[in-house]
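Commentary on secondary and tertiary structure
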Amino acid sequence: MTAQPAPKTYPETYYAGAYWGPRRESPEECARRAVTFLNLLAACDPLLAHWNKIPKPRGKGRKTPLMPPDLSTLTEAYRRGVNREPGGPAFEHLGLTVSAYNDGIGPDLASLRMHCGSSAEFSTANACVLSIPYKGENAERLLTPPVLMGVVRSMALAWEPDWAVAMSEAYRTMDARQDEADMWLGWVTYLARSRGKVPPLPAPVRIERVEDLGTLIVLTPERFTVANPEHMALARRVRELLARAGLMQPVAL
């Protein structure tokens, strides 16, 4: 009997995202936040210090560097980033989007989507999402608590979201309780102060304030992975404690 080949495995991938509900903002207001965010992000790691605007429509147009971030350039980018049907009117209530990619190639490629200004009535109407390289020397440096805390802190300071995470996509998929309506728990999680007070959490969880805006929660000092049963058990316990404190519910609109 012919032996079956072992199933192919893929590396665990990670991303960071900040999410907030309806907040109508102009192209210039969105651009001001993006300038702040890109400057803060650049200080987190050299790989996150070089960004180019993804043309809209995608793949057409010349390369447009966004660093150092310029308010007028980003304002125009957001003005052009309005949702619309081809040749039709703009859907301004759906917000404005600027997407970017870094100068990395292969496993060092990272992408960024900054969507703001939406007044649509749902709890994640606006979002800033960063894809993170998953292997190689740069990924090893990025996928550490100090860097990810810096990334999530940058999102909190610039976008003032309701919540933000840096997390494993595999964990996001595996934890069925983290549906689209709920706040998600990540390796690093940010909760705005308006959501409530963070309760005491078990070791080795780390808790830090983000100025007067909210709180950072870091589950593990080493890389969080779904392959580690202790990490999974800790995440379940922390989620239970946060839910008991009323912190995991969708934002009330």
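Residues numbered from 1 in each chain as written. Predicted model: local features only at pLDDT ≥ 70, side-chain atom pairs only at ≥ 80, totals over all residues. Heavy atoms only, no water.

**Considerations on the sheet that holds strand β10 (residues 214-218)**
Each strand in a sheet pairs with another by means of backbone hydrogen bonds, the pair being arranged parallel or else antiparallel. Selection criterion: Any two strands are treated as partners once DSSP identifies two or more bridges connecting them. Under the DSSP-based scheme used, a helix requires at least four consecutive residues in state H or I and a strand at least two consecutive residues in state E, with every element numbered from the N terminus. Should any heavy atoms of two residues lie within 4.5 Å, those residues are counted as being in contact. Comment: axis = line fitted to C-alpha atoms, over the contacting stretch for helices; angle = value between 0 and 180 degrees taken between N-to-C directions.
One open sheet accounts for ten strands, arranged β3-β2-β4-β5-β6-β1-β7-β8-β10-β9; its pairing is antiparallel. Every other strand in the sheet has two partners, leaving β3 (64-65) and β9 (206-210) as the edge strands with one partner each. Sheet topology note: the strand β1 (residues 14-20)/strand β7 (residues 163-168) ladder contains six bridges and is antiparallel. Its bridge partner being in β7, Tyr19 is matched across the sheet by Trp163. The strands touched by helix α2 (residues 71-80) within the sheet are β2 (51-53), β4 (96-102) and β5 (111-116), with β4 carrying the most contacts at an inclination of about 120°.

**Concerning the packing of aromatic side chains**
Going by this rule: Aromatic rings from Phe, Tyr and Trp, taking only the six-membered ring of Trp, are treated as a pair when their centres fall within 6.5 Å; an angle between ring planes under 30 degrees marks them as stacked, one over 60 as edge-to-face, and anything in between as tilted. The criterion for a charge sitting over a ring is simple: Lys NZ or Arg CZ within 6 Å of the ring centre, and within 35 degrees of the ring normal.
Within the structure shown, the criterion is met by seven aromatic pairs. Clustering of aromatic rings is evident, with ring pairs tying together Tyr19, Trp163 and Trp184. Above the ring of Trp184, the side-chain terminus of Arg172 is found at 4.0 Å from the ring centroid.

**Focus on α2**
Here is the rule we go by: For each residue, the accessible area found with a 1.4 Å probe, counting protein chains only, is set against the maximum for its type, and the residue is called buried under 20%, exposed over 50%, and partly exposed in between. Throughout, the arc means the angular range of directions from the helix axis out to the C-beta atoms.
Listed as buried for α2 are Leu74, Thr75, Ala77 and Tyr78. The buried residues of α2 occupy an angular sector of 160° when the element is viewed end-on, so they sit on one face. More than 90 degrees from the buried face of α2, the exposed residues found are Ser72 and Arg80. Elements that come into contact with the buried residues of α2 comprise α1 (27-42), β2, β4, β5 and α4 (145-159).

**Notes on the nonpolar core**
It is characteristic of soluble globular proteins that their nonpolar side chains tend to be buried jointly. Formally: Side-chain atoms within 4.5 Å are what join buried Ala, Val, Leu, Ile, Met, Phe, Trp, Tyr and Cys residues into a set we call a nonpolar core.
With 76 residues, the main nonpolar core has Phe37, Trp51, Tyr78, Leu112, Trp159 and Leu242 as its most contacted residues. Of all the elements, α4 adds the most residues to this core, at nine residues. In contact with Leu112, not counting residues within four places along its chain, are Phe37, Leu38, Leu41, Trp51, Val98, Ser99, Ala100, Cys128, Val129 and Leu130.

**Quick word on the environment of Asn126**
Basically, it comes down to this: Each polar contact in these results corresponds to two N or O atoms within 3.5 Å; when the atoms are within protein, one needs to be able to donate a hydrogen and the other to accept it, and residues that are neighboring in sequence are counted only if both atoms are side-chain atoms.
Counting through the fold element by element, Asn126 comes out in strand β6 (residues 126-132). For Asn126, a relative accessible area of 0% gives the class buried. As for Asn126 and Thr97, which are separated by 29 residues in sequence, their C-alpha atoms are 9.4 Å apart. Asn126 has contacts with Ala18, Tyr19, Trp20, Gly21, Pro22, Arg23, His115, Cys116, Gly117 and Ser118, leaving out every residue within four places of it along the chain. Reaching out from Asn126, the side chain makes a polar contact with the backbone nitrogen of Gly117 at a distance of 3.1 Å.

**Regarding the packing of α1 against α2**
As a reminder, the rule being used: Here the angle decides the label: under 35 degrees means roughly parallel, over 145 means roughly antiparallel, 65 to 115 means roughly perpendicular, and every other value means oblique. By convention the crossing between two helices is left-handed if the near helix lies anticlockwise of the far one by an angle smaller than a right angle, and right-handed if it lies clockwise. Throughout this entry, Asp, Glu, Lys and Arg are counted as charged residues, while Ala, Val, Leu, Ile, Met, Phe, Trp, Tyr, Cys and Pro are counted as nonpolar. The remaining residues, Gly among them, count as polar.
α2 packs onto α1 with a crossing angle of 125° between their chain directions and a minimal axis gap of 8 Å. Classified by the angle their axes make, α1 and α2 are oblique. Regarding α1 and α2, the two cross each other, and that crossing is right-handed. Residue-level inspection shows Pro27, Glu28, Cys30, Ala31, Arg32, Ala34, Val35 and Leu38 of α1 in contact with α2, the latter providing Leu71, Leu74, Thr75, Tyr78 and Arg79. Partitioning the contact of α1 with α2 into residue classes produces nine nonpolar, one polar and three charged.

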